[in-house]
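Report on the structure
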Amino acid sequence: MPSKAIITVKDLVKSYGDFEAVKGISFEVYEGEIFGLLGPNGAGKSTTLEIIETLRNKTSGTVIVDGVNLEEAPEEIKKMIGVQLQTSGFYPNLNLTELIHLFVGLYQSEVDPLELLKKVNLEDKAKAKYKELSGGQKQRFSIATTLINKPKIIFLDEPTTGLDPQARRNLWDLIKEIRNNATTVIITTHYMDEAEILCDRVAIVDSGKIIAINTPSSLIDELVATGFEKEKVVKNANLEDVFIQLTGKEWREE
Ligand code: ADP
Ligand code: MG
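Residues numbered from 1 in each chain as written. Chains lettered and ligands numbered in written order. Predicted model: local features only at pLDDT ≥ 70, side-chain atom pairs only at ≥ 80, totals over all residues. Heavy atoms only, no water.

What the 4 strands build is an open sheet, ordered β2-β1-β4-β5; its pairing is antiparallel. Taken across any chain shown, the strands that pair with only one partner, and hence form the sheet edges, are β2 (19–30) and β5 (68–69). As paired elements, strand β4 (residues 60–65) and β5 share 2 bridges and run antiparallel to each other. Across the sheet, the residue bridging to Ile64 is Asn69, located in β5. Packing of helix α1 (residues 45–52) onto the sheet brings it into contact with β1 (5–16), β2 and β4, and relative to β1 it is tilted by some 120 degrees. (Pairing = 2+ DSSP bridges. Helix = DSSP H or I, 4+ residues; strand = E, 2+ residues; numbered from the N terminus. Contact = heavy atoms within 4.5 Å. Axes fitted to C-alpha atoms, helices over the stretch in contact; angles between N-to-C directions.)

Right, dumping it as structure tokens:
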């Protein structure tokens, strides 16, 4: 894949009062990749995402999104990105079609709700209320709302936290499909198995600094090259494999 940067972050700093949450980080996100931001709670992942999403002000540094400087034209950036809306905006008594109409109005874009729901495999739920959805369906709907304005880039902050194994796999398929349709995806997750399967490249953030950035495979190779060894795996499956095997036949049709 030719690596053209669609997001360039340079020396980004964010202070909350005296506390520096993001300490001068620089990285690029390539067009058409799934880029993962990994790191412990409080590392500064959400802060970084929200600055790029134009939802928070930076303290210093440069952010360029598809050639547009955040400082000069945040409105331009807003138009080309998809952000997960706060679920508190999902009026519990409206059905999904009504909610999409509401959001489409906010974005002043033209979208066929059914077509959008189809993209996330929720067409059967067009008349269901948000509160009637399962956790996985709620996440899929939330991802659908990021696609309303046909964005070039979508931002997903811990989209699979709290989901069961099937729903998580279901979401991986969806996120890959979105990437395969030429949308760049930036995602945060605490699940390393997920990052390894899903992300083309990851940045590991710790205490506001990027301490590693590469493909998952190269990061693993680098660790192994240092002589790192772990206890050999003695079984060819793990408990999650058992769980999926026993309960997961339908995970694509949740
Ligand atoms: P992550 O998403 O990696 O868990 P965050 O970006 O949410 O981390 O937070 C990074 C640090 O900044 C944390 O120490 C957090 O407590 C602090 N922080 C986040 N938002 C605010 C805020 N609005 N005011 C003060 N401190 C904040
Ligand atoms: Mg966070």
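Before going further, it helps to spend a moment on the site of ligand 1. Inspection of the region around ligand 1 gives Tyr16, Phe19, Ala21, Pro40, Asn41, Gly42, Ala43, Gly44, Lys45, Ser46, Thr47 and Arg56 as its neighbouring residues. Residue Lys45 places a side-chain N or O atom 2.8 Å away from an oxygen atom belonging to ligand 1. Interatomic distance of 2.8 Å between a side-chain N/O atom of Ser46 and an oxygen atom of ligand 1. Calculation on ligand 1 without its partners gives an accessible area of 560 Å², and the protein chains cover 61% of this total. When contributions to the shell around ligand 1 are tallied by element, the ones reaching two or more residues are β2 and α1. Looking at which element gives the most residues to the shell around ligand 1, the answer is α1, with 3 residues. Counted by class, the shell around ligand 1 contains 5 nonpolar, 5 polar and 2 charged residues. (Near = heavy atom within 4 Å. Polar contact = N/O pair within 3.5 Å; in protein donor to acceptor, adjacent residues only side chain to side chain. Areas by Shrake-Rupley, 256 points an atom, 1.4 Å probe, with all protein chains shown as cover. Nonpolar A, V, L, I, M, F, W, Y, C, P; charged D, E, K, R; others polar.)

Spatially, 6 strands are ordered β6-β7-β8-β3-β9-β10 in an open sheet, and the strand pairing comes out mixed. Of all strands in the sheet, those bounded by a partner on one side alone are β6 (81–83) and β10 (209–214). Strand-to-strand twist of the sheet, defined as the mean angle between neighbouring strand axes without regard to direction, takes the value 20 degrees. Bridge count between β6 and strand β7 (residues 153–157): 3 bridges; the pairing is parallel. Looking at the pairing, Gly82 lines up with Ile154 of β7.

Where side chains of opposite charge bring their charged atoms close, a pairing between them can arise. Scanning the entire structure with this criterion turns up 14 salt bridges. For the salt bridge of Lys10 with Asp11, the shortest nitrogen-to-oxygen distance reads 3.6 Å. Using a relative accessible area of 46% as the deciding quantity, one classes Lys10 as partly exposed. Among the charged side chains, a salt-bridge network with shared partners connects Arg168, Arg169, Asp193, Glu194 and Glu240. (Salt bridge = Lys/Arg side-chain N within 4 Å of Asp/Glu carboxyl O. Buried < 20%, exposed > 50% of the residue type's maximum accessible area, 1.4 Å probe, protein only.)

Now for unusual backbone geometry. Of note in this structure, Asp11 is not a glycine but carries a positive phi near 50 degrees. Within the fold, Asp11 resides in strand β1. On the accessibility criterion, Asp11 (42% relative accessible area) is partly exposed. One non-glycine residue, Asp66, lies in the positive phi region at around 45 degrees.

Here we take up α1. The buried fraction of α1 is high, at 6 of 8 residues. Within the sequence span of α1, burial applies to Lys45, Thr47, Thr48, Leu49, Ile51 and Ile52. Thr54 lies just past α1 and shows a positive phi near 70 degrees.

Quick look at the packing of helix α5 (residues 135–146) against helix α6 (residues 165–180) now. For the pair α5 and α6, the least separation of the axes is 10 Å and the interaxial angle reads 15 degrees. With respect to each other, α5 and α6 are oriented roughly parallel. Relative to α6, α5 is oriented so that their crossing is right-handed. For the pair formed by α5 and α6, the contact residues are Gly136, Gln139, Arg140 and Ile143 on the first element and Ala167, Asn170, Leu171, Leu174, Ile175 and Ile178 on the second. Of the residues that constitute the contact of α5 with α6, the class distribution is 6 nonpolar, 3 polar and 1 charged. (Parallel < 35°, antiparallel > 145°, perpendicular 65-115°, else oblique. Left-handed = near helix turned anticlockwise from the far one by under 90°.)

In this section: the pairing of β7. Burial within β7 is extensive, with 4 of its 5 residues counted as buried. Of the pairings in the sheet, the one linking β7 to strand β8 (residues 184–188) comprises 5 bridges and is parallel in character. In the strand pairing of β8, Asp157 is matched with Thr188. Once you follow β7 into α6 and on to β8, the crossover reads as right-handed. (Right-handed = clockwise from strand over helix to strand, strands pointing away.)

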